[in-house]
There are 2 protein chains.
Amino acid sequence: MTLSPDHPLKDGRTAQSPLITAYRGGRPNQHPIWFMRQAGRSLPEYRAAREGYGMLESCLKPELAAEITLQPVRRHGVDAGIFFSDIVIPLKLAGVGVDIVPGVGPVLEKPIRTPDDVAALPRIDDAIFAPIREAVRIAVEELGTTPLIGFAGAPFTVAAYMVEGRPSRDHLGPRTMMHGDPATWQALMEWTADASGRFLRAQIEAGASAGQLFDSWAGSLGLEDYRRSAAPYSSRALDHVRDLGAPLVHFGTGTSELLGAMYEVGVDAVGVDYRLPIQEANRRLGGRVVLQGNIDPALLAAPWNVLEAHVREIVRQGASAPGHVINLGHGVPPETDPGVLTRLVELVHSI
Amino acid sequence: MTLSPDHPLKDGRTAQSPLITAYRGGRPNQHPIWFMRQAGRSLPEYRAAREGYGMLESCLKPELAAEITLQPVRRHGVDAGIFFSDIVIPLKLAGVGVDIVPGVGPVLEKPIRTPDDVAALPRIDDAIFAPIREAVRIAVEELGTTPLIGFAGAPFTVAAYMVEGRPSRDHLGPRTMMHGDPATWQALMEWTADASGRFLRAQIEAGASAGQLFDSWAGSLGLEDYRRSAAPYSSRALDHVRDLGAPLVHFGTGTSELLGAMYEVGVDAVGVDYRLPIQEANRRLGGRVVLQGNIDPALLAAPWNVLEAHVREIVRQGASAPGHVINLGHGVPPETDPGVLTRLVELVHSI
């Protein structure tokens, strides 16, 4: 696709922002910071806006999704909005029976376990993403020179929900399938990669300035399984957006053994889980990869002096990488005091 | 304590068994194998025996706990019994309000979060372990020359339940406490270490031939946090049993970054999670540590030829370590076909 004249990547609306500068390996004039799950339950204005709407319903109301996306940017002064949506939205829009059950997570009407189940998955028409494009357009207009990050679920994590039919701790179903029935696994992962890739493309085409692939459950895989049965499909998902030129970020939890393989799917930056020090992640990646992370979410509830020392150390360690975007090493816990997040942004911008 | 003349470690009842030989770094005449959670829901005879009894209630009825311990040894011909109990049994026996809620896990009546909560924890009198000793004695008598493995929860994992009051995914409460209120954390971990240590001592004194410390949630910690805030207390728990001379094993999930530190608490063998190849674990531990593991539980439901190839590769890799006990790299999933486990034991014994 050719970028239209008013495309944000074309006109460079956000190109000089600290976030995009850092993702591209430059040295911005302030340390950029945003928080995974910043648009969410930690904010009273989020809980108010969501009242009466189910999770997926909220994602599909463009005005509401844009408003929720903007809330943490207004409140905290973070360096990016992260689009408010969910990794199962492409399934929902494609007509797969799925809902987010409060206190549980994504639940499918019918798990996808057999070759016939996979063959029966709907074809995806880009037109289904119209409400996503609309929400992004509204958010981007208000964000101005602050970049919006689009996102999608990595195929392994999305497929884990599809095979189990619901959240699980060990993801045995998908892990059995990748070994026991590799042909069905491949077909499922190709479908999921294309669904996630098109979802991300819709967001970037509509104005998102960067894209993050979330592989929440990748840490349940050993390196060999990850390389063979997950990474190629993450790469395929990103193939849908590479021509758009937006910087790409890859994050998963418990992935300290997988960082190199996660970089090799073809991204500009790698998000680091809270368990691995930034300087060690940088060493493992050969000192050549932009990093994002990795404040321990558990410390958001600790006394300020403990949290401050932790964050200063992370900023210090990040200076050794070719670029560093400060973030959490996992999502914002719902019970977080939002005042702490605002104060963290001020601290990081003051360093 | 002096070992009594009829103590199993004294009379060497199990000293020549393949399991104990391997734990001590010798080369037994057959590859020893047992399964974490082998005494459990995968067995119809277990489900029948448990009928009408709550989980903790079952653990505290000596005849029943012994029977459940023996079931998988009779059925599968594994090289060890693992004592049927639960890591929160010491809390229950000490008078802490705790129960195992089906489908949820350990739930405390009142989470332990403040210095006063910790100070109010009951003193532990060794007499409370009488039903544990009795169950072990019954099981050991039937086991004959087959060793019984005693076990206890590592202090971090037990304390994680105590602080959260129930299972959680990220263990934010205990991880906040270890940084935010280190004095309370230390007091809680010392109490928990002594509870687990005495629980394990009761089992070994009554006839268990080895002891395994389970740190299910250790993988939620980075190496620095693990070394500072968890490992010293695991070592303290094991200090309660070192004089008994039984081989000690240490296992946790998601611990590939922690293996060296887990060994250094002072054990004879380290259990390896399914994510890390045995030969890589052996390399990280300098080729000097007996290993246990690490069949991927997800493959128990795969076609036999896939599982067989996987297990043969693990046995092959284990030959490079100074000793190798074959096991799963996590517990038996409840839905496992027990026939597959029996066949696995036959396979491993035939290699």
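Keep in mind it's a predicted model, so treat the numbers as computed, not measured. (Residues numbered from 1 in each chain as written. Chains lettered and ligands numbered in written order. Predicted model: local features only at pLDDT ≥ 70, side-chain atom pairs only at ≥ 80, totals over all residues. Heavy atoms only, no water.)

Peer 1: Is there a simple way to think about the packing of helix 9 (residues 155-164) of chain B against helix 11 (residues 182-205) of chain B in this case?
Peer 2: For any two helices packed against each other, one specifies the crossing angle of their axes together with the interaxial distance. Residue and element names in this part refer to chain B. Running from N to C, helix 9 and helix 11 cross one another at 120°; their axes reach a closest spacing of 9 Å. When the axis of helix 9 is compared with that of helix 11, the two are oblique. As for how helix 9 packs across helix 11, the hand of that crossing is right-handed. Two secondary-structure elements touch here, helix 9 through Pro-155, Phe-156, Val-158, Ala-159, Met-162 and Val-163 and helix 11 through Trp-185, Leu-188, Met-189, Trp-191, Thr-192, Ala-193 and Ser-196. (Axes fitted to C-alpha atoms, helices over the stretch in contact; angles between N-to-C directions. Helix = DSSP H or I, 4+ residues; strand = E, 2+ residues; numbered from the N terminus. Parallel < 35°, antiparallel > 145°, perpendicular 65-115°, else oblique. Left-handed = near helix turned anticlockwise from the far one by under 90°. Contact = heavy atoms within 4.5 Å.)

Peer 1: Just checking my understanding: could you explain the packing of aromatic side chains for this structure?
Peer 2: Each aromatic ring pair is characterised by the separation of its centres together with the angle its planes make. Residue and element names in this part refer to chain A. On inspection of all chains with the given rule, the structure shows 14 aromatic pairs over all chains. Seen in terms of ring centroids, Phe-151 and Phe-199 are 6.2 Å apart; in terms of plane orientation they differ by 80°. Their pairing is edge-to-face. Pair noted here: Phe-151 is in strand 4 (residues 148-153) and Phe-199 is in helix 11 (residues 182-205), with a separation of 48 residues, a long-range link. Owing to a relative accessible area of 7%, Phe-151 belongs among the buried residues under this scheme. A relative accessible area of 0% places Phe-199 in the buried class. With 5.6 Å between their ring centres and 90° between their planes, Phe-151 and Phe-214 make a pair best called edge-to-face. One end of the pair, Phe-151, is in strand 4; the other, Phe-214, is in strand 5 (residues 210-214), with 63 residues separating them in the sequence. The pair Phe-151 / Phe-214 is uniform in exposure class, with both members buried. Ring-pair connections join several aromatic residues into one group, and the members of that group are Phe-129, Phe-151, Phe-199, Phe-214 and Phe-251. Residue placement shows Arg-343 over the ring face of Trp-304; its charged tip is 4.0 Å from the ring centre. (Phe/Tyr/Trp six-rings, centres within 6.5 Å; stacked < 30°, edge-to-face > 60°. Buried < 20%, exposed > 50% of the residue type's maximum accessible area, 1.4 Å probe, protein only. Lys NZ or Arg CZ within 6 Å of the ring centre and 35° of its normal.)

Peer 1: What is the right way to look at the relation of the copies chain A and chain B in this model?
Peer 2: Taken together, a rotation about one axis and a shift along it account for how the two chain copies relate. Placing chain A over chain B gives an RMSD of 0.0 Å and needs a rotation angle of 180°, together with 0.0 Å of translation along the axis. Both chain copies can therefore be described as sitting about a two-fold axis. Comparing interface residues between copies, 100% of those in chain A also sit at the interface in chain B, which points to an isologous, same-surface contact. (Least-squares fit on C-alpha atoms with pLDDT ≥ 70 in both.)

Peer 1: Would you mind showing me how to read the UniProt feature "binding site: substrate" (unreviewed entry) in chain A here?
Peer 2: Here the UniProt feature "binding site: substrate" (unreviewed entry) sits at Arg37(A), Gln38(A), Ala39(A), Gly40(A), Arg41(A), Asp86(A), Tyr161(A), Ser216(A) and His330(A). In three dimensions, the annotated residues from a span of 294 residues occupy distinct locations, with a maximal C-alpha spread of 23.1 Å. Of note, Arg37(A) is situated in the loop between helix 2 (18-23) and helix 3 (44-50). In this view, Arg37(A) contacts His330(A), Gly331(A), Val332(A) and Arg169(B); residues no more than four positions away in its chain are not counted. Within the fold, His330(A) resides in the loop between strand 9 (324-328) and helix 17 (338-350). (UniProt positions renumbered as here; feature names shortened; annotations may be inferred.)

Peer 1: Please clarify how the interface of chain A and chain B should be interpreted in this entry.
Peer 2: Accessible area lost on assembly of the parts is the figure often given for the size of an interface. Every contact between the two is made by 32 residues of chain A and, on the other side, 32 residues of chain B. Buried area between chain A and chain B, both sides added, is near 2,300 Å², and the carbon and sulfur share of it is 52%. Along the contact surface separating chain A from chain B lie four salt bridges. Between Asp296(A) and Arg175(B) there is a salt bridge, with its nearest N and O atoms 2.7 Å apart. Across the contact surface, chain A and chain B share 12 residue pairs in polar contact (both at pLDDT 80 or more). Of all the elements in the fold, those that place two or more residues in the side of chain A that touches chain B are helix 10 (172-180) and helix 12 (223-229) of chain A. Looking at the side of chain A that touches chain B residue by residue, the classes come out as 14 nonpolar, eight polar and 10 charged. (Buried area = accessible area lost by both parts, 1.4 Å probe. Salt bridge = Lys/Arg side-chain N within 4 Å of Asp/Glu carboxyl O. Polar contact = N/O pair within 3.5 Å; in protein donor to acceptor, adjacent residues only side chain to side chain. Nonpolar A, V, L, I, M, F, W, Y, C, P; charged D, E, K, R; others polar.)

Peer 1: Would you take a moment to explain the UniProt feature "site: Transition state stabilizer" (unreviewed entry) in chain A for this structure?
Peer 2: Residues and elements named next belong to chain A. According to UniProt, the positions carrying the feature "site: Transition state stabilizer" (unreviewed entry) are Asp-86. Topologically, Asp-86 is positioned in the loop between strand 1 (81-82) and helix 6 (89-94). Residue classification places Asp-86 among the buried positions, given a relative accessible area of 15%. The contact partners of Asp-86, leaving out residues within four places of it in the chain, are Met-55, Leu-56, Cys-59, Ile-100, Phe-151 and Phe-199. From its side chain, Asp-86 meets the backbone nitrogen of Val-88 in a polar contact 2.9 Å long.

Peer 1: Where do I start with the sheet that holds strand 6 (residues 248-251) of chain A in this structure?
Peer 2: Each strand in a sheet pairs with its neighbour through backbone hydrogen bonds, running either in the same direction (parallel) or in the opposite one (antiparallel). All names here are of chain A. The strand order 1-4-5-6-7-8-9 describes an open sheet built from seven strands, whose pairing is parallel. Looking along the sheet, the strands with just one partner apiece sit at the ends: strand 1 and strand 9. Two strands pair when backbone bridges link them, and strand 8 (residues 290-295) and strand 9 are joined in this way by five bridges, in the parallel orientation. Residue pairing in the sheet places Leu-291 in a bridge with His-324 of strand 9. Against the sheet, helix 11 touches strand 4 and strand 5, its axis set at about 170° to strand 4. (Pairing = 2+ DSSP bridges.)

Peer 1: How should I be thinking about the sheet that holds strand 9 (residues 324-325) of chain B in this particular structure?
Peer 2: Residues and elements named next belong to chain B. One open sheet accounts for seven strands, arranged 1-4-5-6-7-8-9; its pairing is parallel. Two strands close off the open sheet at either side, each with one partner strand: strand 1 (81-82) and strand 9. Relative to strand 7 (residues 269-271), strand 6 (residues 248-251) runs parallel, the two being bridged by two bridges. When the sheet's bridge partners are listed, His-250 is paired in strand 7 with Val-270.

Peer 1: Explanation requested: the side chain of Arg201(A) in the structure shown.
Peer 2: Looking at the secondary structure, you find Arg201(A) in helix 11. A distance of 2.7 Å separates a polar side-chain atom of Arg201(A) from the backbone oxygen of His240(A).

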